Structures are given as C-alpha cells and as structure tokens.
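Geometric and topological summary
Here's the letter readout for the chains.
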Amino acid sequence: MNKKTLLASAMVMLCAAVSAIQAADEDPVIMTINGKPILRSEFEYSYNKNNGADVIDHKTVEEYVELFINYKRKVEAALDAKYDTLTSYRKEFRQYRDQQVTPTLINAADVEREAQKIYRDTKDRIGPNGLINPQHILIRVGQNDDEAVKQKAGQRADSIYNAIVNGADFNILAATHSQDPGSARRGGEIGWIQHGQTLPKFEETAFALKDGEVSKPVLSEVGYHIIKIKGRKQLEPYDSLRTDIHNFIEKRGIREAMAKNRLKSIAETKGMTEEQVMDNRADSISAIDSDMKYLIQEYHDGLLLFEISNREVWEKAAKDEAGLAKFFKKNRKKYTWDEPRFKGISYHTREVADVEAVKKSVKGKDFDDWAQILRTTFNNDSVLRIRVEKGIFKKGDNGLVDRNEFGVADAKVKEVKDFPNVATFGKIIKTPEEFSDVKALVVADYQEMMEKEWLKTLAAKYPAEVNQEVLKTVKPKEK
C-alpha cells in the first residue's frame, strides 16, 4: 500500500471517529442497565410520553428514573426468559409495528396519483351525458302482482301525473303519495346520479328529459315512476373535488390497500417474504426517525413487560389461593369495614314453593359454590325458575337486602316481571371472614407485595448506573 492510499485510509478512519464523537456528544449515554447503554434520547422519549399534560400523577425527571430503570429491568428479565421468541409474542409485536410502518410504504405523491385516477375513472363512467338530479313519485307494483293490481296502480299514477300537468306541486305530491319513503321526505329528490346507478327503465326515461320536464308514468321492475329533472351537470373539475376524493380514499381504506399492494409488489420483486420486507423497512425508518424507532421499541418492550408481569405477578398472585389466604390472615386488620355487610343472596322466584327450596339447596354449602348450585338446581332448563343476585352487600347496594336485612322500612325493592316472590338468605357479618370476602383488595395488595420482592431480585441481577451529569441535560417537553 503506497503513502497516498495509507493517507486516504487514515482520513476515512478519522472522519468516522469524528462522526462517532459528534453523535455521542449529541446523544450521550444517560445510563447503563445490565451493561447495556441507554441513550438520552430514549429516556427523553419515554419520560415526555408518560408525563404529558393529560397525566395526573406527573413525575419529575429524577422521580422517573427509578420507574424507567425498573421497566428496563423487567424487559431484561423477559429477554433472558426468551419470551421474545414466543410465536404469540412475535405475531402480536409485528402486528403493532406494522400498523405504524405499513403506511410509510406509500407517500403523498402515490395518494395524489390514486386520487387523480379515481377522478378519471369516475369521469369515464359518467360519460358525455353527465349527471342528472331527478325527482320521482313511485307507485309500487310487485313482480308477482296480478293484472288488476297493476292496472289499479297505473290508474293512480296517471291521476297523479294529470294533477301535476294541471299545476299541482310535484314536491307536495311526492311527499304525500310516493311509496319510496327515503326520497318522499325530500319531495321525491333522489340526488345526483350517473348512468348505471339505478333501474334501466328509470334511467332511459330520466336521461331523455329536459330540465324541469315531467315524464308520464313509466313502469320499471318496482312500479310506476313519475320523473322530473331538477338539474343537469358535468363532473366538476378535479381541483374542486380533490379534497373530497382524498377524504374518500381515507374513509374507504384505499390508502391501506395501496400500502398492502406495494408491500406485495416489493416482496415479489426482491424475492423476499413480506415479513422480511417489513423488518427491513422498520430498520431503515428507525435509523433516520428517532420517534418511530422508540415507538417500535415501546411496542417491543411493552409486550414483553406485559408477558413477564402477568407470569411473575398478576396471574401468579390471582391464582395463588393458599398465598392469598395466608396474606389475608397476616393482614386481617387492614381489611375491616366501617359498617356491617350482608353476605348472601337476594332473589325472586316464580313459584312460592321455591322460596324455601332455594334456602335449602345452599344451606351449609360453601358460599363460593352457591351460584353453581342455584343455576343447576333451578335454572338448568329452558324455563328460569329464579332470578338471583349474590354477593356481599353494604347498606344501599340492594333494596331488598336493605329492607329484609338492614331494616330500612322505605327501601325500594325492584320488581321483576313474572317473578313475584322475593326473599333474601345469608348472614350479617361485621368484618370479612375470609380473603374471598374482600378478594379484589387482597389480590391487589398481594400483587403489590410480590412486585416489590420481584424488583429487589431484579435490582440485584441487573445493576444500573446513571450518569447524573447527562441526566441534568434532559429536556422535558413544554406543556
């Protein structure tokens, strides 16, 4: 290698080094988590998105650091567990990602070309005869009606036509006599139409009329029409319809269809799968658009976070009956009530005999099994014998419970048609007897405890270091 080549090579390496230094200066590392660098831009994106003007529990930058680190630690744990390789995860992630990326396969020029094509096609369909704005009065005749019915309908149409010829108001006659309810409300007006949009017999007559001219009754497949032309026009110039056509493209999903066709075309041309094309497209956009990059990252990490949180905390806690019972027993004092509750059922029956039968069927049985017992005993066939509301009621929750159990004399008891007999069965309890009596509260608290313990484990496994100097340069978005 000669001196000139060596010098050129050195210059290339120097330029690359300078570019790397400039990039690091513009977007420095704000923290490392499990040895992985997090750029300031990613932290800023996440902070500003989760602390917008509509957020009630607004966090300062310093307060958000811990939340962000915990979030990233959970994602690291999910990656270690290889949840990102699950077929269900990969399918859901691509679905979310592609919703953002697919529209970028076409641009404004593509949409404009499609809009102009729609205009040209519409103009060709309309043809030289243009558009007409007809009114009509319809006297219906069914395809299978006999001749007497058809003759009577024809005579009625003739009498209406003669009235119009003699000066009667077309709009009023359409509103009072037309058997086309939709147009009758508008004085018989159908709206602007082109050839091929309505019945052939109707169009043959309508397009032959002059402005303001009224036709004699014409028989079509649906009956007799008396037609009046309110106006004619050619299709307006493209520029005057451009906005409407673009709105049509958006509302009818044409843009999405264009993007999907483009995706298919690229895949076929390059000999790739559509999935590979979308992967490449997402990477190329992310390289130049940081907002898109972090939005895709957010989908990726958010789905992993949900998966691992559900497995490690939410679902795990909700199904841990033994753990919940133990947690409730240990923290029983936390779940006291300020007033007694009624634990039981409020019910309505068709037959008087079923009032006592209901009580006997559940007496001595586990409260959690009552609903199933009542359903199979009384409502297991096509005829319902009882209507039941089961639960733990405080005063004011249920009128029948208020009257029967809490002694509220003026309580309003809801009536149920065909179920005249009412009763309650259960007991008054001053405090929760078991965790299921306050299950939602216990589960929430148990999940919170498990979350804290999990976070301690993650903190030990995935260390984090924050660059405080870079943190000071984070710019919250102006509200």
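Just so it is clear, the model here is predicted, and its values are computed rather than measured.

It is worth spelling out the overall build of the protein chain at this point. Secondary structure assignment for the protein chain yields 19 helices and nine strands. The C-alpha radius of gyration of the protein chain comes to 37 Å, more than 25% above the 23 Å expected for a compact globule of 479 residues. Here the protein chain, with 479 residues, has 38% of them falling under the buried criterion. Contacts in the protein chain between residues far apart in sequence, at least 24 positions, make up 70% of those at least 6 positions apart. Looking at the protein chain, you have 78 positive and 77 negative side-chain charges, and the mean spots of the two groups are 1 Å apart.

With 15 residues, helix α12 (residues 274–288) should cover 21 Å at 1.5 Å per step; its first-to-last C-alpha distance of 22 Å lies within 8% of that length. By the burial criterion, the buried members of α12 are Val-277, Met-278, Ala-282, Ile-285 and Ser-286. Mapping the buried residues of α12 onto a view down its axis gives an arc of 160°, with all of them on the same face. Seen from the open side of α12, the exposed residues pointing more than 90 degrees away from its buried face are Asp-283, Ala-287 and Ile-288. Buried positions along α12 lie against α4 (87–101), α11 (254–270) and α13 (290–319).

By secondary structure assignment, the location of Glu-448 is in helix α18 (residues 439–461). Overall, the relative accessible area of 44% leaves Glu-448 in the partly exposed class. In sequence terms Glu-448 and Ala-459 are 11 residues apart; their C-alpha atoms lie 16 Å from each other.

In this section: the layout of surface pockets. Here the largest pocket defines a volume of roughly 370 Å³. When residues of the lining of the largest pocket are assigned to their parent elements, the largest contribution, seven residues, is made by helix α3 (residues 61–80). For the lining of the largest pocket, the residue count by class is eight nonpolar, five polar and seven charged. Considered as a void within the structure, the second largest pocket measures approximately 290 Å³ in volume. Breaking the lining of the second largest pocket down by element, the ones donating at least two residues are α5 (108–126) and α10 (238–251). When the residues that make up the lining of the second largest pocket are grouped by side-chain class, the tally is six nonpolar, one polar and two charged.

The sheet contact formed by strand β3 (residues 131–140) and strand β5 (residues 223–233) spans nine bridges and is antiparallel. Bridged to Ile-137 within β5 is Ile-226. Between strand β4 (residues 218–219) and β5, which pair antiparallel and follow one another directly, the connecting turn spans three residues.

A few words on the confidence of the model for the protein chain. For the protein chain, the mean per-residue pLDDT works out to 92, and 95% of the residues sit at or above 70. Confidence over residues 3–23 falls short of pLDDT 50; this stretch has one contact with residues more than four positions distant or in other chains.

With that out of the way, let us pick up the side chain of Ser-178. Considering the arrangement of structural elements, one finds Ser-178 in the loop between α7 (170–177) and α8 (181–184). A polar atom in the side chain of Ser-178 sits 3.1 Å from the backbone nitrogen of Leu-138. Of the polar contacts made by the side chain of Ser-178, one reaches the backbone nitrogen of Asp-180; its length is 3.3 Å. If we ignore the near neighbours within four places in the chain, the residues touching Ser-178 are His-136, Ile-137, Leu-138, Leu-173 and Ala-184.

Turning next to the sheet that holds β3. Taken in spatial order, the three strands make up an open sheet running β3-β5-β4, and their pairing is antiparallel. The sheet is open, and its two borders are formed by β3 and β4, each paired with just one other strand.

On the secondary structure map, Leu-241 appears in helix α10. Of the residues examined, Leu-241 reaches a relative accessible area of 17% and is grouped as buried. Remark: the alpha-carbon pair of Leu-241 and Asp-98, spanning 143 residues in sequence, is separated by 31 Å. Contacts of Leu-241, omitting those with residues within four sequence positions, involve Tyr-119, Leu-235 and Glu-236.

Across all of its chains, the model carries 16 aromatic pairs by this definition. Taking NZ or CZ as reference, Lys-233 lies 4.5 Å from the ring centre of Trp-192, over its face. Directly above the ring of Phe-367 sits Lys-390, whose terminal nitrogen or CZ lies 4.0 Å from the centroid.

What follows is about the side chain of Ser-183. The residue Ser-183 is located in helix α8 in this model. Among the residues examined, Ser-183 registers a relative accessible area of 2% and is labelled buried. Apart from residues lying up to four places away in sequence, Ser-183 is in contact with His-136, Gly-188 and Glu-189.

Right, let's talk about unusual backbone geometry for a bit. A positive phi angle, near 60°, is found at Lys-82, a position not held by glycine. Assessed through its relative accessible area of 53%, Lys-82 is described here as exposed. Positioned with a positive phi, Asp-418 is a non-glycine residue whose angle comes to about 75°. Looking at the secondary structure, you find Asp-418 in the loop between α17 (399–404) and β8 (421–429). The exposure class assigned to Asp-418 is partly exposed, which follows from its relative accessible area of 48%.

On to the packing of α12 against α13, then. Running from amino to carboxyl end, α12 crosses α13 at an angle of 130°, the nearest separation of the two axes being 5 Å. By the angle between their directions, the pair α12 and α13 is classed as oblique. Seen from α12, the contacting residues are Ala-282, Ile-285, Ser-286 and Ile-288; seen from α13, they are Ser-290, Met-292, Lys-293 and Ile-296.

This part is about the pattern of salt bridges. Evaluated as defined, the whole model comprises 30 salt bridges. The partner of Arg-311 in a salt bridge is Glu-307, with the nearest N and O atoms 2.7 Å apart. A residue pair is termed a helical-turn pair when its members lie 3 or 4 positions apart in one helix, as Arg-311 and Glu-307 do in helix α13 at four residues. The exposure class of Arg-311 is partly exposed, given its relative accessible area of 39%.

Each value, and the rule that gives it
- Numbering of residues starts from 1 in each chain and follows the order in which that chain's sequence is written.
- Only residues with pLDDT of 70 or above have their local features reported here, since the model is predicted, and side-chain atom pairs are shown and tallied only from 80 upward, although totals for entire chains, interfaces and linings are computed over all residues.
- Each side-chain value is derived from all of the structure's non-hydrogen atoms; neither hydrogens nor water enter the calculation.
- Runs of H or I in DSSP of at least four residues are treated as helices and runs of E of at least two as strands, each being numbered from the N terminus.
- Atoms considered for the radius of gyration are the C-alpha atoms alone. The globule rule reads 2.2 Å times the number of residues to the power 0.38.
- To sort residues, take the accessible area from a 1.4 Å probe on protein chains only and compare it with the maximum for the residue type: under 20% means buried, over 50% means exposed, and anything in between is partly exposed.
- Throughout, a contact is declared for two residues whenever any of their heavy atoms are within 4.5 Å.
- Charged residues are defined here as Lys and Arg on the positive side and Asp and Glu on the negative side; His and the ends of the chain fall outside this count.
- In plain terms, the charge of a residue is placed at NZ if it is Lys, CZ if Arg, CG if Asp and CD if Glu.
- For a helix, the expected span equals 1.5 Å multiplied by the number of residues minus one.
- Throughout, the arc means that of the directions going from the helix axis to the C-beta atoms.
- Lining residues are those with an atom within 4 Å of a point, where the points come from a 1 Å grid over the protein atoms alone and group into cavities, where a 1.4 Å probe fits but cannot get out, or pockets, open sets with protein on both sides within 12 Å along at least five of seven lines.
- Grid points are joined across faces, edges and corners, and a volume is the space filled by probe spheres set on the points.
- We call Asp, Glu, Lys and Arg charged. Ala, Val, Leu, Ile, Met, Phe, Trp, Tyr, Cys and Pro are nonpolar, and the rest, Gly among them, are polar.
- Here, any two strands with at least 2 DSSP bridges between them count as paired.
- Here pLDDT means the predictor's own confidence in every residue, given as a number from 0 to 100.
- Contacts described as polar in this section are N or O atom pairs within 3.5 Å, which, within protein, must combine one atom able to donate a hydrogen with one able to accept it, while residues neighboring in sequence count only if both atoms come from side chains.
- In summary, the pairing rule links any two rings of Phe, Tyr or Trp, Trp by its six-membered ring, whose centres are within 6.5 Å, and it sorts them by plane angle into stacked for under 30 degrees, edge-to-face for over 60 and tilted for everything else.
- Whether a charge sits over a ring depends on NZ of Lys or CZ of Arg being within 6 Å of the ring centre and within 35 degrees of the ring normal.
- An axis is simply a line fitted to the C-alpha atoms; with a helix, the fit covers only the stretch in contact. Between two such axes, the angle follows the N-to-C directions and lies from 0 to 180 degrees.
- By definition in this entry, angles of less than 35 degrees are roughly parallel, angles greater than 145 are roughly antiparallel, angles of 65 to 115 are roughly perpendicular, and the rest are oblique.
- Definition used for salt bridges: Asp or Glu carboxyl oxygen within 4 Å of a side-chain nitrogen of Lys or Arg.

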